[in-house]
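# Summary of the model geometry
Chain residues, written in single-letter form:
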Amino acid sequence: MSDSLLRYRAEFPILERTNYMISNSLGAMPRGVYDALHGYAETWATRGVRAWEENWWMLALEVGNELGGLMNAPKDSVSVHQNVTTCQAVVASCFDFTGKRNKVVYSDMNFPSVMYFWEAQQHYGARVHMVKTDDGITVPIDRLLDAIDEHTLLVPISHVIFRSAYINDAKAIIDKAHKVGAHVVLDTFQSLGTVPVDVAALNVDFACGGVLKWLCGGPGVAYLYVRPDLGKKLEPKLTGWFAHRNPFGFEVGPVQYAEPPFRFMNGTSHIPSLEAARPGLKIISEVGVEKIREKSKHQTARLIALADQHGWRVNTPRDAEKRGGTVSIDMPDSQQVCRDLLAREILVDWRPKAGVRFSPHFYNTDEEIDAAIAAVEEILNQRRRIAV
Ligand SMILES: Cc1ncc(COP(=O)(O)O)c(C=O)c1O
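These lines cover the structure that appears in this document, whether it is placed above or below. (Residues numbered from 1 in each chain as written. Predicted model: local features only at pLDDT ≥ 70, side-chain atom pairs only at ≥ 80, totals over all residues. Heavy atoms only, no water.)

A few words on the pairing of strand β6 (residues 183–187). Counting buried positions along β6 gives five out of five residues, so the element sits mostly inside the fold. The side-chain alternation of β6 yields two buried faces, one formed by His 183, Val 185 and Asp 187 and the other by Val 184 and Leu 186. When strand β5 (residues 152–158) meets β6, the two strands line up parallel, connected through five bridges. Paired with Ser 158 across the bridge in β6 is Asp 187. Running through helix α6 (residues 170–180), the crossover from β5 to the neighbouring parallel element β6 is right-handed. Bridge count for β6 against strand β7 (residues 206–210) is three bridges, and the pairing is parallel. By the bridge assignment, Leu 186 is partnered in β7 with Ala 207. (Buried < 20%, exposed > 50% of the residue type's maximum accessible area, 1.4 Å probe, protein only. Helix = DSSP H or I, 4+ residues; strand = E, 2+ residues; numbered from the N terminus. Pairing = 2+ DSSP bridges. Right-handed = clockwise from strand over helix to strand, strands pointing away.)

Residues in close proximity to the ligand include Asn 83, Val 84, Thr 85, Phe 111, Ser 158, Phe 162, Asp 187, Phe 189, Gln 190 and Lys 213, which together make up its full environment. Val 84 places a main-chain nitrogen or oxygen 2.8 Å from an oxygen atom of the ligand. Residue Gln 190 places a side-chain N or O atom 3.0 Å away from an oxygen atom belonging to the ligand. Relative to its unbound accessible area of 400 Å², the ligand is 84% covered by the protein chains. The site holding the ligand turns out to be the largest pocket. For the shell around the ligand, the per-class residue count stands at four nonpolar, four polar and two charged. (Near = heavy atom within 4 Å. Polar contact = N/O pair within 3.5 Å; in protein donor to acceptor, adjacent residues only side chain to side chain. Areas by Shrake-Rupley, 256 points an atom, 1.4 Å probe, with all protein chains shown as cover. 1 Å grid on protein atoms, 1.4 Å probe; cavity = no way out; pocket = protein on both sides within 12 Å on 5 of 7 lines; lining within 4 Å. Sits in = over half its atoms within 2 Å of the grid points. Nonpolar A, V, L, I, M, F, W, Y, C, P; charged D, E, K, R; others polar.)

On to the packing of helix α2 (residues 50–70) against helix α9 (residues 271–287), then. Two numbers describe how α2 lies on α9: the axes approach to 10 Å, and their chain directions differ by 35°. Crossing hand, α2 versus α9: left-handed. Together, Trp 52, Trp 56, Leu 59, Ala 60, Glu 62, Val 63, Glu 66, Leu 67 and Leu 70 of α2 and Ile 271, Leu 274, Glu 275, Arg 278, Leu 281, Ile 284 and Ser 285 of α9 make up the contact between the two elements. Counted by class, the contact of α2 with α9 contains 11 nonpolar, one polar and four charged residues. (Axes fitted to C-alpha atoms, helices over the stretch in contact; angles between N-to-C directions. Left-handed = near helix turned anticlockwise from the far one by under 90°. Contact = heavy atoms within 4.5 Å.)

Once that is clear, we can look at the sheet that holds β5. As summarised here, the arrangement of the seven strands in space is β2-β8-β7-β6-β5-β3-β4, forming an open sheet in which the pairing is mixed. Two strands lie at the open edges of the sheet, namely β2 (78–81) and β4 (127–131), each paired on one side alone. Direction aside, the axes of adjacent strands within the sheet are offset by 20° on average. Both strand β3 (residues 103–107) and β4 contribute to a ladder of five bridges, which runs parallel. By the bridge assignment for β4, Lys 103 is matched with Arg 127.

See below:
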C-alpha cells in the first residue's frame, strides 16, 4: 500500500521525537497551532476589545461550520462548547423528564462522564435504563433496541466505544428510536476524524464530540450538531446571552432564542481553544476521513495480527467494519507494560478492562506499529528475566 498520507508527518513536531500512537486520547499537535495561538495573542494585544466585533464573535459559527463539513451537517447546525458533558447538558435542558416519557437508554460501554451526567438527571425525573455488555467489547444491540420503547425520551450512545473501539450500529439505534418517538444523542468523539460520520444520512437528532483526539484540535472544544428541524423549535434551558437573538440589546426578561447554532450556546465562547482547533480541522478535512479510515483498517489489522502472533488478548473487534481506530491489547502486566512503553517514547495509554490502547492515525508508519509491538515483546522478556 503506497502511503501518501505520510507527507503530513512534517506538520506534527512530536512525530520527530516519539512513536505517537495515542490519537484516541490526544491527537498530535499540528505545527500550525503555534501560529494560530500567536495570532490570537496578537489580535488581543493590538485590537483589544474590537477583536470581538472583528473576529471573535463569529468564530464559534465558523469553527462549527468547519466541523459540520466533516460530518455532512448542513450549514449553521453545529454549535461549539467546552466538552461533551456540557453538550449532553444542553440537550437534556431541551427536554422535560417529569412526564411519562422520561426513560433514558444507553449502554454501560458509554464514556463514564456521559453516564455520570445521565445518572444525575434522575434527580430531575429521568429514568435510566443501562444495557450491560456481555463481553466487555461489544454492545448487545438486540437488548439495546428492545429497551428503546414508547416511554423512551433520549438515547445517548457512543458511536465508537472508547474502551474497545467497537462501532455501534448507529443506524439501527436511530431508526428504532424514531419509530417509538425517542431522540438519539450520538457521541462521535471516537469516530469523527477516523471513521466516516454522516449525520444527514444517519438522520440523527443530535451528535456531539470533542476535537482533541482524532481531529488533532487540542483540548477545550466540543461540538453539538442539532438536526435543523429540531434546531428551529427546541429551547435549551441551559442558555445565556450568546443564545439571545439580540445579545447587545441587553434586554431584561426571558431569553428570546436566536437561530441555530447560537441558540444552543450560552455564555462567552472559548476563543483560544477555537483558534487552536483550526489547524487540525484543516488538515483532517484536506486528508479526508475516507482515506484515513482505509489506512486505519490496515494498521489496526496489522496490530491485531501481531498481537495474535504473541498470543496476547485483543479486546477489540476483529471485523474491520465493526472496529474504529484503536486496538486494545491486554498482554500480561499490561499496566506496567504501558508505563515502560511511555518511558521508551512510545506513547500509548492503558485502561481498565481494555489493556494497552494503540491508536495509529494517518501520520503513523507501519514501521512504528512493528516497533511498538517489538518493544512490548522486549519489555515482557525483560520482566520475565527479572522474575526468574
Ligand atoms: C466517547 C467519549 N465521549 C466523551 C469523552 C469525554 O467527554 P468530555 O468532553 O466531557 O470530557 C471521551 C473521552 O475523553 C470519549 O472517549
